[in-house]
2 protein chains.
Amino acid sequence: MSLSAQSAPSHTFTSQSNASTSHSVGMSPELEQTLSLLSSHRSVLGYMLLSRGHPVSIIRHSGVVFEGEKGKKYAGVIGKIVETVQSGLDEISGNENDSDDVKFMRIRTKRHEIMISPDGRYLLAVLHDPST
Amino acid sequence: MSLSAQSAPSHTFTSQSNASTSHSVGMSPELEQTLSLLSSHRSVLGYMLLSRGHPVSIIRHSGVVFEGEKGKKYAGVIGKIVETVQSGLDEISGNENDSDDVKFMRIRTKRHEIMISPDGRYLLAVLHDPST
């Protein structure tokens, strides 16, 4: 998956609910399409598009599970996980000139499956209900 | 990934460490078989069986990639990743009485694939070369 956005205008994340239908973020049509395809899957509880940084910020999301405070918690946790994995990879490769990068992560939990796709500037996280 | 072993071709891992062929840890025959099956796959660079704790300790390993200092680094990093994910899940569920647990994790990096299977007391990590 390529998250490279054609344009990335500044965006203020205002409300929890109209994010998934809003086109104000100025994403490429391909990304729009991918995200709406994602949300249409019955087993997908939601997705979150985050911009990397300290702290990560929610650019866009869909799914009740990612609303409000819980969404913010998820965003923080997802950011922290990616950071831990990446700094772990850096620690392992040391200064051996063979750096490694996280490309994709799939975490199966008792309840869900969390898929995280990091990119230079963004993180896409999808929460999936494997029982559906 | 299914860890259930249909057949376990006898496999001697020729390296500095004879850990993979040692039976001194007192594992169940099933686990022995699974681990030797794992190591016999050409694309598997190595595995590590760790006991959870602070810090994690290496119970057993195979694969040059998990030898010596690098092995210790991997062990520490894998322990930290699982801890971060688990405490993230705890943070998300809060005290809502719906705790969640990590069951399996698959991390695709530029170079490798790391699979981590946590258990109450142990962590099994497998390093896989997807290009093989």
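Cut-offs applied
Residues numbered from 1 in each chain as written. Chains lettered and ligands numbered in written order. Predicted model: local features only at pLDDT ≥ 70, side-chain atom pairs only at ≥ 80, totals over all residues. Heavy atoms only, no water. Phe/Tyr/Trp six-rings, centres within 6.5 Å; stacked < 30°, edge-to-face > 60°. Buried < 20%, exposed > 50% of the residue type's maximum accessible area, 1.4 Å probe, protein only. Salt bridge = Lys/Arg side-chain N within 4 Å of Asp/Glu carboxyl O. Pairing = 2+ DSSP bridges. Helix = DSSP H or I, 4+ residues; strand = E, 2+ residues; numbered from the N terminus. Axes fitted to C-alpha atoms, helices over the stretch in contact; angles between N-to-C directions. Contact = heavy atoms within 4.5 Å. Core = buried A, V, L, I, M, F, W, Y, C linked by side-chain atoms within 4.5 Å. 1 Å grid on protein atoms, 1.4 Å probe; cavity = no way out; pocket = protein on both sides within 12 Å on 5 of 7 lines; lining within 4 Å. Points joined across faces, edges and corners; volume = space filled by probe spheres on them. Nonpolar A, V, L, I, M, F, W, Y, C, P; charged D, E, K, R; others polar. pLDDT = per-residue confidence, 0-100. Expected span 1.5 Å × (residues − 1). Least-squares fit on C-alpha atoms with pLDDT ≥ 70 in both. Buried area = accessible area lost by both parts, 1.4 Å probe. Polar contact = N/O pair within 3.5 Å; in protein donor to acceptor, adjacent residues only side chain to side chain.

- Chain A has the name Roadblock/LAMTOR2 domain-containing protein in an unreviewed UniProt entry, where Marasmius oreades is given as its organism.

### Topic: the packing of aromatic side chains
Residues and elements named next belong to chain A.
Right, on to step 1. Tallied over the entire structure, the rule returns 2 aromatic pairs over all chains.
Right, on to step 2. Here the aromatic rings of Phe66 and Tyr74 are separated by 5.0 Å at their centres, their planes lie at 85 degrees, and the arrangement is edge-to-face. Just as Phe66 is buried, Tyr74 falls in that class too.

### Quick word on the pattern of salt bridges
Residues and elements named next belong to chain B.
Right, on to step 1. Inspection of the entire model under this criterion finds 10 salt bridges over all chains.
Right, on to step 2. Its salt-bridge partner being Arg106, residue Glu113 comes within 3.1 Å of it at the nearest N-O pair.
Right, on to step 3. Owing to a relative accessible area of 11%, Glu113 belongs among the buried residues under this scheme.

### A closer look at the sheet that holds strand 1 (residues 44-51) of chain B
Right, on to step 1. Strand order in the open sheet formed by 10 strands is 2(A)-1(A)-5(A)-4(A)-3(A)-3(B)-4(B)-5(B)-1(B)-2(B), and the pairing between neighbours is antiparallel. Edge positions in the sheet fall to strand 2 (57-62) of chain A together with strand 2 (57-62) of chain B, since each of these pairs with one other strand and no more. For this sheet, the mean inter-axis angle between neighbouring strands, taken without regard to orientation, is 15 degrees.
Right, on to step 2. Sitting on the sheet, helix 2 (residues 68-93) of chain A is in contact with strand 1 (44-51), strand 2, strand 3 (102-109), strand 4 (113-118) and strand 5 (122-128) of chain A together with strand 3 (102-109) and strand 4 (113-118) of chain B, with an inclination near 125 degrees to strand 3 of chain A.
Right, on to step 3. Where helix 2 (residues 68-93) of chain B meets the sheet, it contacts strand 3 and strand 4 of chain A together with strand 1, strand 2, strand 3, strand 4 and strand 5 (122-128) of chain B, and its direction lies at approximately 125 degrees from that of strand 3 of chain B.

### Quick notes on the nonpolar core
Right, on to step 1. Core analysis: the largest hydrophobic core is formed by 43 residues, its most contacted members being Met105 and Ile107 of chain A together with Met105 and Ile107 of chain B.
Right, on to step 2. Excluding its chain neighbours within four sequence positions, the residues that come into contact with Met105 of chain A are Ile81, Val82, Val85, Ile114, Met115 and Ile116 of chain A together with Arg106 and Ile107 of chain B.

### Regarding the layout of surface pockets
Residues and elements named next belong to chain B.
Right, on to step 1. Here the largest pocket defines a volume of roughly 390 Å³.
Right, on to step 2. Taken together, 20 residues make up the lining of the largest pocket; nearest its centre are Ser117, Pro118, Asp119, Tyr122 and Leu124.
Right, on to step 3. Of the residues that constitute the lining of the largest pocket, the class distribution is 12 nonpolar, 4 polar and 4 charged.

### Focus on the confidence of the model for chain A
Right, on to step 1. Confidence in the prediction of chain A, expressed as mean pLDDT, is 81, and 80% of residues score 70 or more.
Right, on to step 2. Low pLDDT, under 50, characterises residues 1-24 of chain A; the stretch is placed with 37 contacts to residues that sit more than four places away or in other chains.

### Here we look at helix 2 of chain B
Right, on to step 1. Here helix 2 of chain B contains 26 residues, and its C-alpha end-to-end distance of 38 Å stays within 8% of the 38 Å for a straight helix at 1.5 Å per residue.
Right, on to step 2. Gly94 of chain B occupies a position one or two residues after helix 2 of chain B and carries a positive phi of about 60 degrees.

### Thoughts on the relation of the copies chain A and chain B
Right, on to step 1. Of the transformation superimposing chain A on chain B, the axial component is 0.0 Å and the angular component is 180 degrees, with the fit at an RMSD of 0.0 Å. Look at the turn and shift together and you get a two-fold axis relating the two. Across chain A, the rotation axis passes nearest the C-alpha of Arg106 of chain A, at a separation of 2.5 Å.
Right, on to step 2. Of the interface residues in chain A, 100% have counterparts in chain B that sit at the interface too, so the contact is made through matching surfaces.

### With respect to the interface of chain A and chain B
Right, on to step 1. Across the contact, 29 residues belong to chain A and 29 residues belong to chain B.
Right, on to step 2. Note on chain A versus chain B: buried area summed over both sides is about 2,700 Å², and carbon and sulfur give 60% of it.
Right, on to step 3. Joining chain A to chain B, the criterion identifies 4 salt bridges.
Right, on to step 4. Note that Lys110 of chain B is salt-bridged to Asp101 of chain A, the shortest N-O span being 3.8 Å.
Right, on to step 5. Taken together, the links from chain A to chain B amount to 20 residue pairs in polar contact (both at pLDDT 80 or more).
Right, on to step 6. For the side of chain A that touches chain B, the leading source of residues is helix 2 of chain A, giving 12 residues.

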